[in-house]
Amino acid sequence: MADSAAESTAERRSPAAAFAARFEAASAGGGLRLAEIPFLTQINLRVDPKSPAAERIGTAIGVPLPVEPGTAAGGGDLEVLWLGPDEWLVVGPDGAGPGLVERLIEAADGEHVSVVDVSAQRTTLVVAGDRARDVLAHGCALDLHPRVFGPGRCAQTMLARAGVVLVAGEDGFRLLVRSSFAGYVAEWLLDVSAEYVAGG
């Protein structure tokens with residue numbers, strides 16, 4: 001059984017796997033880092049933020065659901081991203097999906113909620129380093145200045161005409177991009193970053 005599980009994991013191929021070497025080359029200069037974090041657990045959660053269920057869910061996962069628009073909250077190995085007035089994306093490590101879904105449903109305790117594992121829909125691309133904002137600014141209309149969009153902020157936005165969830169962290173940005181657009185966004189990032197890699 002363990003061998004079968006190992007084989008299944010080994011056979012998985014992330015949406016941006018083909019770009020790993022090029023990401024590494026683009027990151028060699030030190031001013032920019034591009035990478036993929038594959039297979040993160042992503043659970044779409046919808047619940048009335050004023051309901052007892054929302055409070056119980058926050059307690060159960062150790063992260064109160066953020067209610068301020070465009071914010072993210074983290075605790076332990078989980079992060080909760082605000083997507084709308086009654087919608088969040090709960091992000092966790094690879095393989096956490098089934099257990100996390102169970103915890104969320106149990107915490108709802110019969111109240112009306114929607115809990116959907118959407119892990120397979122997106123991959124996560126990292127854009128970090130001193131040049132990260134410059135690169136993203138080429139295709140994103142948001143004001144990415146740290147005073148406006150610093151750590152703890154998130155937004156559903158467009159990057160080079162592709163819909164992404166953009167998350168700002170202490171070490172740069174993460175782009176949660178639909179798997180079908182991962183190659184396109186990866187190529188765009190590499191193309192834009194080339195001037196910074198070449199220019200130093």
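Residues numbered from 1 in each chain as written. Predicted model: local features only at pLDDT ≥ 70, side-chain atom pairs only at ≥ 80, totals over all residues. Heavy atoms only, no water.

It is not clear to me how the layout of surface pockets should be interpreted in this structure. Could you clarify?
Empty space among the atoms becomes visible once a probe the size of a water molecule is rolled across them. Empty space within the largest pocket amounts to approximately 210 Å³. Residue assignment for the lining of the largest pocket shows that the elements contributing at least two residues are α4 (97–108) and β7 (122–128). Of the residues belonging to the lining of the largest pocket, the class tally is five nonpolar, seven polar and five charged. Looking at which domains feed residues into the lining of the largest pocket, each of domain 1 (17–37 + 122–194) and domain 2 (40–118) supplies at least three. One number sums up the size of the second largest pocket: a volume of about 150 Å³. Along its surface, the second largest pocket is lined by N44, V118, Q121, R122, Q156, G163, V164, V165, L176 and R178. When residues of the lining of the second largest pocket are traced back to their parent elements, those giving at least two are β9 (162–169) and β10 (172–178). (1 Å grid on protein atoms, 1.4 Å probe; cavity = no way out; pocket = protein on both sides within 12 Å on 5 of 7 lines; lining within 4 Å. Points joined across faces, edges and corners; volume = space filled by probe spheres on them. Helix = DSSP H or I, 4+ residues; strand = E, 2+ residues; numbered from the N terminus. Nonpolar A, V, L, I, M, F, W, Y, C, P; charged D, E, K, R; others polar. Domains from an automatic or database assignment.)

Would you explain α4 in this entry?
Residues spaced three or four apart along an α-helix point in a common direction, a consequence of the helix completing one turn every 3.6 residues. The end-to-end C-alpha distance of α4 is 17 Å, a good match for the 16 Å that twelve residues give at a rise of 1.5 Å each. When α4 is considered as a whole, its buried residues turn out to be G97, L100, V101, L104, A107 and A108. All buried residues of α4 fall inside an arc of 135° around its axis, so they share one side. For α4, the exposed residues lying more than 90 degrees away from the buried face are P98 and E106. (Expected span 1.5 Å × (residues − 1). Buried < 20%, exposed > 50% of the residue type's maximum accessible area, 1.4 Å probe, protein only. Arc of directions from axis to C-beta.)

So what exactly am I meant to see when it comes to the nonpolar core here?
Soluble globular proteins tend to pack their nonpolar side chains together in the buried interior. L136, L175 and L189 are the most contacted members of the largest nonpolar core, which has 32 residues in total. Put simply, the parts of the chain that give this core at least two residues each are α2 (20–26), β7, α5 (132–137), β8 (154–159), β9, β10 and α6 (182–199). With eight residues, the top contributor of residues to this core is α6. With residues near it in sequence (within four places) discarded, L175 still touches T123, T124, L125, V127, L136, L159, V165, L166, V185 and L189. In this structure, A53, L65, V90 and A107 belong to the second largest nonpolar core, which totals 19 residues. (Core = buried A, V, L, I, M, F, W, Y, C linked by side-chain atoms within 4.5 Å. Contact = heavy atoms within 4.5 Å.)

How should the domain arrangement of the chain be read in this particular structure?
Reports of interface size often rely on the accessible area that becomes lost once the parts have come together. Structurally, the chain comprises domain 1 (17–37 + 122–194) and domain 2 (40–118). Centre-to-centre separation of domain 1 and domain 2, based on C-alpha positions: 24 Å. Between domain 1 and domain 2, the residue contacts involve eleven residues of the former and 14 residues of the latter. For the pairing of domain 1 and domain 2, the buried interface totals around 1,100 Å² over both sides, and the portion due to carbon and sulfur atoms is 48%. Looking only at domain 1, the three residues that lose the most surface to domain 2 are R122, R153 and C154, adding up to 44% of its buried area. One can count two salt bridges joining domain 1 with domain 2. The partner of R153 in a salt bridge is E68, with the nearest N and O atoms 3.2 Å apart. Applying the counting criterion to the domain 1 and domain 2 interface returns eight residue pairs in polar contact (both at pLDDT 80 or more). (Buried area = accessible area lost by both parts, 1.4 Å probe. Salt bridge = Lys/Arg side-chain N within 4 Å of Asp/Glu carboxyl O. Polar contact = N/O pair within 3.5 Å; in protein donor to acceptor, adjacent residues only side chain to side chain.)

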